[in-house]
Number of protein chains: 2
Amino acid sequence: MTKRFKIIGFDADDTLWINEPYFHETEELFLELLSDFESPETISRELYKTEMENLEQYGYGAKGFMLSMIEIAMRLSNNKVGNDVINKIIDLGKDLINKPIILLDGVEETLVNLKDVGFSLIIATKGDLLDQERKLSKSKIGKYFNHIEIMSDKKESDYRKLLSHLDIIPNDFLMVGNSLKSDILPVLNMGAFAIHIPYHTNWKHEKIEKPDDLKNYWEIKNISEIEEILA
Amino acid sequence: MTKRFKIIGFDADDTLWINEPYFHETEELFLELLSDFESPETISRELYKTEMENLEQYGYGAKGFMLSMIEIAMRLSNNKVGNDVINKIIDLGKDLINKPIILLDGVEETLVNLKDVGFSLIIATKGDLLDQERKLSKSKIGKYFNHIEIMSDKKESDYRKLLSHLDIIPNDFLMVGNSLKSDILPVLNMGAFAIHIPYHTNWKHEKIEKPDDLKNYWEIKNISEIEEILA
């Protein structure tokens, strides 16, 4: 492999390890909990709306999700939901926080190989600080990374700050992730390179139409294919 | 002023701006909300116990505080608390998140003066990522700092990681903060220097007995006195 890039950045959730399926599973259980009050479709739609309304105040992560679920349970039940249901929502959230971390197929081998060739690897992940640090610690792959950046958002300006902090120019940076919206487009926009690894499920908030004419861009199915691109 | 230290680190909450009084005010309103069920002393004690039990899962910050208040409201009411009270707890939490940022006396002048002499200033603060970024942005003093480190905890090992990231040795680092437990003792333990500015109110979790024989340590009443110490 040639060291065409100085630093390779990896998204974490659903790029290195399983995340969204856990949130999805939690939401399914929440829909069941409220099935006396509303249809799953209505609850799901209202929950998403509330999450978006609360995003500026709560940010991404399990705790904000818990608070939005509690809020929506009260609203959709016309404030008749019992403490038993609210307690169960809190339990669902704590279970979500304590889920095991399962690496996606090919992740560790690829990191080892890239590291062996001498690439500097970093994690650039969005979300709750403690949630992300806990996941990284459970994942046991922290040792492969030179730097971990936990960001409150992943807009182009956030990536610019990151690159300035890393003291590199966009031409030296390659980002790898599963979200076109958060990992790929803002990175391409500033003139860096990006590899998209779509995941079978995406949070609604991350969904976006793929533009036709993307440059400096590759799409792959499995993380191990990065090595072929860099070959 | 002599540039005896390469980098001066500042804690943020209750060192640069008012924070704990807002949490205290929120707790007072919460005690009132539950006054039908228990005495203020019992609620306060149980709330703190629950916060500590949840700390590993929720970390520091407003969202974890909200979830612990909801949990304790249900438990202390024997699961009889109404949705009206839980809605009010959520409102209290959102109000807390949206509080204005008021700088403590002397902060901006001191930062300007230290910056003028050529010191590198950083913020090393513990808490929720989005909460802390929001506060910093509202404070308008971000421009004085070369680096902002938002940490999930402030143990000696966390400071060691920070210094390694900043590429300096403990002898070149001075930390300024209001918490003996989080800002002073771990920093002195690793051989760096620390200035303690006690604040009139401290969260119970941060209270600790002051050892007698502290070295490389100063205690001051106002942040502007830093300039005299460095003179």
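Since this is a predicted model, take the numbers as computed values, not measurements. (Residues numbered from 1 in each chain as written. Chains lettered and ligands numbered in written order. Predicted model: local features only at pLDDT ≥ 70, side-chain atom pairs only at ≥ 80, totals over all residues.)

Draft legend 1. Structural detail: the environment of Gly191(B). Residues and elements named next belong to chain B. Mapped onto the fold, Gly191 is located in the loop between helix 8 (180-189) and strand 5 (193-196). Note on Gly191: 12 C-beta atoms within 10 Å, which makes it exposed. Residues Gly191 and Asn171, 20 residues apart in the sequence, show an inter-C-alpha distance of 6.5 Å. Residues in contact with Gly191, not counting those within four places in the same chain, are Pro170 and Asn171. (Helix = DSSP H or I, 4+ residues; strand = E, 2+ residues; numbered from the N terminus. Buried ≥ 20, exposed ≤ 12 C-beta atoms within 10 Å, placed from the backbone. Contact = placed C-beta atoms within 7 Å.)

Draft legend 2. A look at the interface of chain B and chain A. Of the residues lining the interface, 25 residues belong to chain B; the matching set on chain A comes to 25 residues. Residues of the side of chain B that touches chain A, tallied by class, amount to twelve nonpolar, seven polar and six charged. (Nonpolar A, V, L, I, M, F, W, Y, C, P; charged D, E, K, R; others polar.)

Draft legend 3. The nonpolar core, seen in detail. Leu174(A), Ala194(A), Leu174(B) and Ala194(B) are the most contacted members of the largest nonpolar core, which has 70 residues in total. Ranked by size, the runner-up nonpolar core spans 39 residues in total, among them Phe30(A), Tyr58(A), Leu67(A) and Ile72(A). (Core = buried A, V, L, I, M, F, W, Y, C linked by C-beta atoms within 7 Å.)

Draft legend 4. Local environment of the relation of the copies chain B and chain A. Of the transformation placing chain B onto chain A, the axial shift is 0.0 Å and the rotation is 180°, giving an RMSD of 0.0 Å. The operation mapping one copy onto its partner corresponds to a two-fold rotation axis. Of the C-alpha atoms belonging to chain B, the one lying closest to the rotation axis is found on Leu129(B), 2.9 Å away. By residue overlap, the copies meet face to face through one surface: 100% of the interface positions of chain B are interface positions in chain A. (Least-squares fit on C-alpha atoms with pLDDT ≥ 70 in both.)

Draft legend 5. Local environment of the domain arrangement of chain A. Residue and element names in this part refer to chain A. Each assigned domain of chain A is listed with its residue range as follows: domain 1 (7-17 + 101-229) and domain 2 (20-97). Taken over C-alpha atoms, the centre of domain 1 sits 28 Å from the centre of domain 2. Partitioned by chemical class, the residues of the side of domain 1 that touches domain 2 number two nonpolar, four polar and six charged. (Domains from an automatic or database assignment.)

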